[in-house]
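Chain and residue survey
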Number of protein chains: 2
Amino acid sequence: MSVSKNDIKFVQSLRLKKFRQKYNNFIAEGEKIAGEALLSSRCKVVRVFALPEWLHENAAQLSPIQASAITEAGENDLAKLSGLSTPNKVLMVLEVPQAGELPLIHTALYLDDVQDPGNLGAILRIADWFAVPQVFCSPGSVDVYNPKVVQASMGAFLRVDSQEIELETLLRRQPELPVLGAVLDGENLFTTPLPSSGLLIVGNESKGIRPATQQLLSHRIAIPKAPGGGAESLNAAVATGIITACWINRV
Amino acid sequence: MSVSKNDIKFVQSLRLKKFRQKYNNFIAEGEKIAGEALLSSRCKVVRVFALPEWLHENAAQLSPIQASAITEAGENDLAKLSGLSTPNKVLMVLEVPQAGELPLIHTALYLDDVQDPGNLGAILRIADWFAVPQVFCSPGSVDVYNPKVVQASMGAFLRVDSQEIELETLLRRQPELPVLGAVLDGENLFTTPLPSSGLLIVGNESKGIRPATQQLLSHRIAIPKAPGGGAESLNAAVATGIITACWINRV
């Protein structure tokens, strides 16, 4: 089967959240992510578009996939399908996993209007590395299945549970859950006692944690700026990495 | 003075390293960065292109700048001048600062072929926050004056000293300088003793620290992955943030 105009139209439409929601599908590109997706049970593989050589090399892993879902593509086809400036040898359409029953939270991250896809991707990798099982997102955050998030996550979306949900919904269910967040006048992350479980709030890139959300914090922390340090803030993913690393390695 | 075709050609040319080197100039955009650049003595302001309202609001800070360097621009002009998808109210052309005499290193970062402009920008913010005064870059790293680096650094390029230099040149001058780097089989960052001064090597996004560079490490460290953690790696800027935060706060 070769790539049709409808295929291109369909895949390109998935760059928009509206169509990802309509079809419940999203795009994942590249050999590493595709290889992991084939091994994962988390996201059903809906379509595979790939160079003949890639299909040949990965025939064994592709055997459970219906033949009609696999399409041989040329480099020109992949360039049209892909939203990346450097298209890959393989592009997959995956099914957005069903949100299961809301889990009881032990440690999790909550993204309070994080906007940058690269940041969300890097944050999913942080959760994956430190075995934080869930990343929740406010309705105003960038969509986890945005193609740039998927790429930046390097496959972490296959292992970290993520869903869009209001913070209040989580806290109504677990009112005693510690809520941690970095604020300007917070306690020194390196010296203040941290709870052994909880929800770490990650604020928006330019505005930080929203005032309404700040009122819900039980642990106001700060990454101490060194004497003589000049920056107004750290990148959101960098700050999340520092806090998560210290938290998980101290408790 | 209004924006000429030559202005547009000149500013657009600065998106390329070749022309940044030829003219010794680079682009910085946005109100925050422009405001900081006007207050900083580090980079001479060569040209200012801005909306009339911005010029009016910032007349006092602009007074030391030659009138011939200031150009009123419309939104359409700024869209042509800017490489960003959302142009700002102001775009400046700044002079690349002269590399001063090579400083003696106390704590510094060395980027070993870091490629992503967003990562380099985030790393400059890390250095700025933790008062690490220098960020050195290998000749294979992305250029510090790439417009995307400048934007992602949020002005940190005005406070952190950065220059392109071979690692060997630094180590020939300070052969006893501790050299730290994250490698897969390194010692746990949170428990291993760290030197009070040194050079932290940041590896390439996909390949990590080059084998030749690894041989120069005196302290092989690792950010411990949590039991059950799945990611193969962390984002380069996130890893740099975690290591720098722990290092600076422990010594």
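Residues numbered from 1 in each chain as written. Chains lettered and ligands numbered in written order. Predicted model: local features only at pLDDT ≥ 70, side-chain atom pairs only at ≥ 80, totals over all residues. Heavy atoms only, no water.

Let's shift gears to the overall build of chain A. When its secondary structure is counted, chain A shows 11 helices and 10 strands. In terms of overall dimensions, chain A has a C-alpha envelope of 60 × 40 × 30 Å along the principal axes. Here chain A, with 251 residues, has 56% of them falling under the buried criterion. Looking at chain A alone, contacts between residues at least 24 apart form 79% of all its contacts between residues at least 6 apart. (Helix = DSSP H or I, 4+ residues; strand = E, 2+ residues; numbered from the N terminus. Buried < 20%, exposed > 50% of the residue type's maximum accessible area, 1.4 Å probe, protein only. Contact = heavy atoms within 4.5 Å.)

Next up on the list: the interface of chain B and chain A. The interface is formed by 32 residues belonging to chain B together with 32 residues belonging to chain A. Both faces considered, chain B and chain A share a buried interface measuring about 2,700 Å² in area, 68% of it formed by carbon and sulfur atoms. For the interface between chain B and chain A, the tally reads zero salt bridges. Elements with a contribution of two residues or more to the side of chain B that touches chain A: α3 (31–39), α7 (117–129) and α11 (236–250) of chain B. For the side of chain B that touches chain A, the element with the highest residue contribution is α11(B), accounting for eight residues. (Buried area = accessible area lost by both parts, 1.4 Å probe. Salt bridge = Lys/Arg side-chain N within 4 Å of Asp/Glu carboxyl O.)

Turning to the domain arrangement of chain A, a few remarks are in order. All names here are of chain A. The domains assigned to chain A are domain 1 (5–95) and domain 2 (107–250). Here domain 1 and domain 2 have C-alpha centroids that lie 30 Å from each other. The partner domain 2 presents 15 residues to the 18 residues of domain 1 that form the contact. Between domain 1 and domain 2, roughly 1,400 Å² of surface is buried when both sides are summed, and carbon and sulfur atoms account for 57% of that area. At the boundary of domain 1 and domain 2, one finds four salt bridges. For Arg 42, the salt bridge identified is with Asp 161, shortest N-O distance 3.6 Å. Across the contact surface, domain 1 and domain 2 share eight residue pairs in polar contact (both at pLDDT 80 or more). Of all elements in the fold, only α2 (17–23), β1 (25–29) and α3 (31–39) reach the threshold of two or more residues within the side of domain 1 that touches domain 2. In the side of domain 1 that touches domain 2, the residues fall into nine nonpolar, two polar and seven charged. (Domains from an automatic or database assignment. Polar contact = N/O pair within 3.5 Å; in protein donor to acceptor, adjacent residues only side chain to side chain. Nonpolar A, V, L, I, M, F, W, Y, C, P; charged D, E, K, R; others polar.)

With that settled, consider the side chain of A:Asp112. Residues and elements named next belong to chain A. Summarising the element assignment, Asp 112 is placed in the loop between β5 (107–111) and α7 (117–129). The buried category is assigned to Asp 112, whose relative accessible area is 0%. Within the local environment of Asp 112, its side chain forms a polar contact with the side chain of Thr 213, the two groups lying 3.3 Å apart. Excluding residues that lie within four positions of it along the chain, Asp 112 makes contacts with Ser 138, Ser 141, Ile 201, Val 202, Gly 203, Asn 204, Ile 209, Arg 210 and Thr 213.

This brings us to the pairing of strand β9 (residues 198–202) of chain B. Residue and element names in this part refer to chain B. In terms of residue burial, β9 counts as a mostly covered element, since five of its five residues are buried. Residues Gly 198, Leu 200 and Val 202 point to one face of β9 and Leu 199 and Ile 201 to the other, with burial holding for every one of them. Direction of pairing for strand β5 (residues 107–111) relative to β9: parallel, over a ladder of five bridges. Across the sheet, the residue bridging to Leu 111 is Val 202, located in β9. As paired elements, strand β8 (residues 179–188) and β9 share three bridges and run parallel to each other. Each bridged residue has a counterpart across the sheet, and for Leu 180 the counterpart in β9 is Leu 200. (Pairing = 2+ DSSP bridges.)

This next bit is on unusual backbone geometry. Phi is positive for A:Ala131, close to 55 degrees, though the residue is something other than glycine. Positive phi outside glycine occurs at B:Asp113, with the angle close to 65 degrees. Tracing the sequence through the fold places B:Asp113 in the loop between β5 and α7. Accessibility expressed as a relative area gives 18% for B:Asp113, which makes it buried.

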